[in-house]
Protein chains: 2
Amino acid sequence: MTNTYLWNPAARRWQTGNSVKSDDRGLSYGDGLFETLRLKPDGTCPLWHWHRQRLVQGLVALDFPINALALIDEAIEQAPRQGTAAKLVITRGTGPRGYLPPAEPQLTVIWQLFTAPDWAHNRCPEGFDCQFSDIRLSQQPLLAGIKHLNRLEQVLCRQRMPDGHQEAIMLDQDDWVIEGCMSNIFLMEGQKIITPDLSRCGVNGVIRRWLINQTSVTEASVSAERLLKSDAVLMTNSLNGVIHVRSVGSRRYDHNPEIRELQRSLQELFV
Amino acid sequence: MTNTYLWNPAARRWQTGNSVKSDDRGLSYGDGLFETLRLKPDGTCPLWHWHRQRLVQGLVALDFPINALALIDEAIEQAPRQGTAAKLVITRGTGPRGYLPPAEPQLTVIWQLFTAPDWAHNRCPEGFDCQFSDIRLSQQPLLAGIKHLNRLEQVLCRQRMPDGHQEAIMLDQDDWVIEGCMSNIFLMEGQKIITPDLSRCGVNGVIRRWLINQTSVTEASVSAERLLKSDAVLMTNSLNGVIHVRSVGSRRYDHNPEIRELQRSLQELFV
């Protein structure tokens, strides 16, 4: 059950609605951004500041108009909250044919409310099984980190994920481990936590930043060999939370108390 | 003036309409393809077979359902033709949240009819002025050549194009010349015509393939130095046709009879 709303900038309020113009630049070029938020039962979003920070980075990267952030802040302030998760989509709105954005675009802002799935560690207590995807991420430093609407590589990766796997690990064109199809990835080497550097590709996830802020994490170039040699692997995503990776191909990893502790402290934020 | 139609697969006909669902995968992920066609005054599209061939490559690359091509063929057969140009957009339709496409997607097919601009060599007889863009194309062999809806690199490039320029030349992350922002590019070395290899990125344009089929063209890795040392440069695109490049930065190129002959023979197809 999803309820969808569209921001009406003239009336400065949300309206029930489920359609966008066929010449929306989000559809034509993927010219926009999105965020998937988990909400507390009272409708608040404890990690909104991280979502907002990534949106700001995206608005700058795509050179959206300077007033876009104020519009988003006002829309979020007024957003309906009858759900436990929401997807926010922001596009550069409609425009004439051609790649050049209008001088004064009127943004399309979509708010979809739905029921969040249970945390992945409850749904899938044994952890995720995955393997390396054969879909390599292309490198584009100008778009790295942000959550834009150009997601064909993720679609290709998800299509090719074998039955029984919950995730896949994506390498870039230079064979560096970057992320999961819909998650960030962390490896533990003893007590040390390492996560791939995302300066050339990958999405800088909200739970990734929460975790980096929460504990000591080193961002580094990570090879597949290093991942396979590590002591434990975990993945993060806004809806799944923190999840232990049980296997990458034939390599099996044990669960551990540090991962359980991260699961607990994240879950507590949403009570 | 643009007239927009949506294909109704149940009724097997086009309907006037200008909106798509906000959960269309074309909007969510850029999960689709498009073609921009120039039409003859009688509404036919002389180069349709090249557009169709690229669509087939795109449908295969994105793993669209096997019946997608038959649907597109039927839709194109019945498409309204009261215009001199059309944009065809095909997406994987709506779907539940998440990257995984529905098992049996119902495609969204959009047909926008409009008036084609005059050929670029008539509008801009002195030729195009351009420079190298600082937006580098990422390399993704699985998506190279096809005209999918993930076009943020082109949006970024077009935004940064200086006033007075009609095009920009895009290099890839390894410094190879690939294409223009909205055109393919060719260089002439004496009587030899060379065009960049598009196996890692770039759009394999319809006029590019017409030209390769029309005359002897070598596909090769092209460096910026090679482009600047060449005797003439031209660009191609479905609406602009074949256009002489007058300048790339401070390097100026002469027009030549071979380019004029290609302009004439392309234009003749559309009379």
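What you see is a predicted model; the values in this text were computed from it and never measured.

What about the domain arrangement of chain A?
Residues and elements named next belong to chain A.
- According to the domain assignment, chain A contains domain 1 (3–114) and domain 2 (120–269).
- Once you take the C-alpha centre of each, domain 1 and domain 2 turn out to be 26 Å apart.
- When domain 1 packs against domain 2, close to 1800 Å² is buried across both sides, 66% of that on carbon and sulfur atoms.
- Looking at the side of domain 1 facing domain 2, the largest losses of area belong to Phe34, Trp50 and Arg54, adding up to 38% of the total buried there.
- For the pair domain 1 and domain 2, the number of links is zero salt bridges.
- Across the contact surface, domain 1 and domain 2 share nine residue pairs in polar contact (both at pLDDT 80 or more).
- Its residues assigned to classes, the side of domain 1 that touches domain 2 shows 13 nonpolar, nine polar and five charged.

Regarding the sheet that holds strand E8 (residues 169–171) of chain B
All names here are of chain B.
- The strand order E8-E9-E13 describes an open sheet built from three strands, whose pairing is antiparallel. Edge positions in the sheet fall to E8 and strand E13 (222–223), since each has one partner strand and no second.
- Where strand E9 (residues 176–180) lies against E13, two bridges are found, and the strand directions are antiparallel. Pairing of Trp176 across the sheet is with Ser223, part of E13.

Details of the packing of aromatic side chains
All names here are of chain A.
- A complete count under the given rule lists eight aromatic pairs over all chains for this structure.
- On the basis of an interplanar angle of 55° and a centroid distance of 4.9 Å, the ring pair of Tyr29 and Tyr99 is categorised as tilted. You can see Tyr29 sitting in helix H1 (residues 25–29) and its partner Tyr99 sitting in the loop between strand E5 (85–91) and strand E6 (108–114), a full 70 residues away along the chain. Neither Tyr29 nor Tyr99 differs from the other in exposure class; each is buried.
- One aromatic cluster is present, built from ring pairs that chain together Trp7, Trp14 and Trp111.

Overview of the sheet that holds strand E2 (residues 13–16) of chain B
Residues and elements named next belong to chain B.
- A sheet is described by the order of its strands in space; here five strands give the open sequence E2-E1-E6-E5-E4, paired in antiparallel fashion. The open sheet is flanked by E2 and strand E4 (32–38), the only strands paired with a single partner. Recorded for the sheet is a direction-independent mean angle of 25° between the axes of neighbouring strands.
- Across four bridges, the pairing between strand E1 (residues 3–8) and strand E6 (residues 108–114) is antiparallel. Looking at E6, one finds that Tyr5 is bridged to Trp111.

Conventions we followed
Residues numbered from 1 in each chain as written. Chains lettered and ligands numbered in written order. Predicted model: local features only at pLDDT ≥ 70, side-chain atom pairs only at ≥ 80, totals over all residues. Heavy atoms only, no water. Domains from an automatic or database assignment. Buried area = accessible area lost by both parts, 1.4 Å probe. Salt bridge = Lys/Arg side-chain N within 4 Å of Asp/Glu carboxyl O. Polar contact = N/O pair within 3.5 Å; in protein donor to acceptor, adjacent residues only side chain to side chain. Nonpolar A, V, L, I, M, F, W, Y, C, P; charged D, E, K, R; others polar. Pairing = 2+ DSSP bridges. Helix = DSSP H or I, 4+ residues; strand = E, 2+ residues; numbered from the N terminus. Phe/Tyr/Trp six-rings, centres within 6.5 Å; stacked < 30°, edge-to-face > 60°. Buried < 20%, exposed > 50% of the residue type's maximum accessible area, 1.4 Å probe, protein only. Axes fitted to C-alpha atoms, helices over the stretch in contact; angles between N-to-C directions.

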